[in-house]
Amino acid sequence: MELKVSSLAERPEMLERVVAMPSSWPEPVMNDHVGNAHYGRIATELPQYVQFAEDEQGEVVAHAYSVPFALAAEGRGTLPARGWDEVLVWAFSDLRRGVRPDTVSAVSVTVAPHAQGLGLSGLMLSAMRDNARAHGFREVVAPVRPNAKHLEPHTPIEEYAHRVRPDGLPHDPWLRVHARAGAVIDSVATASMTVSGSLEQWRDWTGLPFDTAGDVEVPGALVPVRCEPERGYAVYVEPNVWMRHPL
């Protein structure tokens with residue numbers, strides 16, 4: 001597959017096709033309120049931080065979103081436990097107030113379902129790194145969603161994140177892609193994304209009954225969802241792994 005990688009700043013006419021590209025994200029994570037409020041803004045307000053790949057027919061088969069933010073700003077300095085949600089809030093707060101960014105955070109690398117397994121995630125991660133370097137940044141950070149953790153929802157994230165193969169690379173495939181690109185683990189973002197909803201919403205999102213108190217395993221979720229039938233809601237708090245890419 002021959003691919004052409006561009007940014008939305010270079011190719012603004014591709015906006016609708018990039019945004020409309022199919023994905024395979026689990027339904028619950030598509031209902032994170034912070035993400036719903038800010039993710040869509042990246043393509044329109046920060047198009048220079050959206051890279052995408054087209055195949056020979058001009059079809060968009062992958063894209064990478066990132067955001068610049070000021071990690072060294074007062075009250076920050078360390079990567080936040082609220083990970084993905086927090087960095088989106090920081091980035092758009094900085095943009096609104098005109099704060100000069102010093103770091104780029106990955107937000108997502110998404111590959112169209114029919115093009116998965118072809119190494120496009122690594123290609124888009126490299127494009128994101130190259131873009132940050134071209135804009136003068138010295139580091140990319142990433143609240144990584146370990147893509148095989150859903151197979152072990154009850155394994156503590158600290159244990160899972162630091163598990164390695166005999167060759168010393170991470171056990172998890174997506175963490176391994178980052179490590180091969182030169183990233184190292186900084187910390188665990190214990191509450192990187194929070195999705196809350198009524199029991200009716202969770203039933204609609206998952207097709208599961210959500211009628212028993214306690215932990216519910218949901219396909220694609222990295223940890224169980226906490227169900228509280230007497231209170232009428234359930235909450236999912238997803239951990240991610242902060243990785244740092246020196247440039």
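Since we're looking at a predicted model, the values are computed, not measured.

Digging into the environment of His 135
Now for step 1: Residue position: His 135 is located in the loop between α4 (120-134) and β5 (139-144).
Now for step 2: A relative accessible area of 39% means that His 135 is categorised as partly exposed.
Now for step 3: Each C-alpha atom of the pair His 135 and Pro 219 lies 38 Å from the other, and the pair is 84 residues apart in sequence.
Now for step 4: In contact with His 135, other than residues within four places in its own chain, are Gln 48 and Tyr 49.

Focus: the packing of aromatic side chains
Now for step 1: Under the defined criterion, the tally for this structure stands at 5 aromatic pairs.
Now for step 2: Look at Tyr 39 and Trp 84: their rings are 6.4 Å apart centre to centre, the planes differ by 25°, and that puts the pair in the stacked class. Taken as a pair, Tyr 39 in helix α2 (residues 33-45) and Trp 84 in helix α3 (residues 83-97) lie far apart in primary sequence, 45 residues in all.
Now for step 3: With relative accessibility at 23%, the residue Tyr 39 sits in the partly exposed group.
Now for step 4: Trp 84 gets classed as buried once you look at its relative accessible area, which sits at 10%.

Remarks on the nonpolar core
Now for step 1: Grouped together as the largest cluster of nonpolar side chains are 48 residues, with contacts concentrated most on Val 18, Ile 42, Leu 88, Trp 202, Phe 210 and Tyr 236.
Now for step 2: Looking at this core, the element that brings in the most residues is α3, giving 6 residues.
Now for step 3: Residues contacting Phe 210, with those up to four places away along its chain left out, are Leu 199, Trp 202, Arg 203, Val 216, Val 218, Val 225, Cys 227 and Ala 234.
Now for step 4: Grouped together as the second largest cluster of nonpolar side chains are 21 residues, Ala 62, Ala 64, Val 111 and Leu 120 included.

Observations concerning helix α6 (residues 173-180)
Now for step 1: When α6 is considered as a whole, its buried residues turn out to be Trp 174, Leu 175, Arg 176, His 178 and Ala 179.
Now for step 2: Taken together, the buried residues of α6 touch β4 (103-111), α4, β5, α5 (157-161) and β9 (233-246).
Now for step 3: Where α6 starts, the residue carrying a side-chain oxygen 3.0 Å from the main-chain nitrogen of Trp 174 turns out to be Asp 172.
Now for step 4: Phi turns positive one or two residues past the end of α6, at Gly 182, with a value near 110°.

Regarding the environment of Arg 165
Now for step 1: One can find Arg 165 in the loop between α5 and α6.
Now for step 2: The exposure class of Arg 165 is partly exposed, given its relative accessible area of 28%.
Now for step 3: Arg 165 sits 11 residues away from Arg 176 along the chain, and the two C-alpha atoms are 9.8 Å apart.
Now for step 4: Setting aside chain neighbours within four positions, we find Arg 165 in contact with Pro 170, His 171, Arg 176 and Arg 180.

What about the side chain of His 245?
Now for step 1: Structurally, His 245 is set in strand β9.
Now for step 2: For His 245, a relative accessible area of 0% puts it in the buried group.
Now for step 3: At 2.9 Å, the side chain of His 245 and the side chain of Arg 129 are in polar contact.

Considering the pattern of salt bridges
Now for step 1: This model, assessed by the stated rule, comprises 17 salt bridges.
Now for step 2: In this structure, Arg 11 engages Glu 13 in a salt bridge whose closest nitrogen and oxygen atoms are separated by 2.7 Å.
Now for step 3: For Arg 163, the salt bridge is made with Glu 152, and the minimal N-O distance between the two is 2.9 Å. Note that Arg 163 is positioned in the loop between α5 and α6 and Glu 152 in the loop between β5 and α5, a separation of 11 residues in sequence.
Now for step 4: A relative accessible area of 22% means that Glu 152 is categorised as partly exposed.

Some words on the packing of α2 against α3
Now for step 1: Where α2 meets α3, the closest approach of the two axes is 10 Å, and the angle between their N-to-C directions is 50°. On the basis of their axis angle, the class for α2 and α3 is oblique. Note that α2 runs across α3; the crossing there is left-handed. Here α2 contributes Val 34, Gly 35, His 38, Tyr 39, Arg 41, Ile 42 and Glu 45 to the contact with α3, which in turn contributes Trp 84, Asp 85, Leu 88, Val 89, Phe 92 and Leu 95.
Now for step 2: Here the contact of α2 with α3 is built from residues that sort into 8 nonpolar, 2 polar and 3 charged.

Reading guide: rules and limits
- Residues numbered from 1 in each chain as written.
- Predicted model: local features only at pLDDT ≥ 70, side-chain atom pairs only at ≥ 80, totals over all residues.
- Heavy atoms only, no water.
- Helix = DSSP H or I, 4+ residues; strand = E, 2+ residues; numbered from the N terminus.
- Buried < 20%, exposed > 50% of the residue type's maximum accessible area, 1.4 Å probe, protein only.
- Contact = heavy atoms within 4.5 Å.
- Phe/Tyr/Trp six-rings, centres within 6.5 Å; stacked < 30°, edge-to-face > 60°.
- Core = buried A, V, L, I, M, F, W, Y, C linked by side-chain atoms within 4.5 Å.
- Polar contact = N/O pair within 3.5 Å; in protein donor to acceptor, adjacent residues only side chain to side chain.
- Salt bridge = Lys/Arg side-chain N within 4 Å of Asp/Glu carboxyl O.
- Axes fitted to C-alpha atoms, helices over the stretch in contact; angles between N-to-C directions.
- Parallel < 35°, antiparallel > 145°, perpendicular 65-115°, else oblique.
- Left-handed = near helix turned anticlockwise from the far one by under 90°.
- Nonpolar A, V, L, I, M, F, W, Y, C, P; charged D, E, K, R; others polar.

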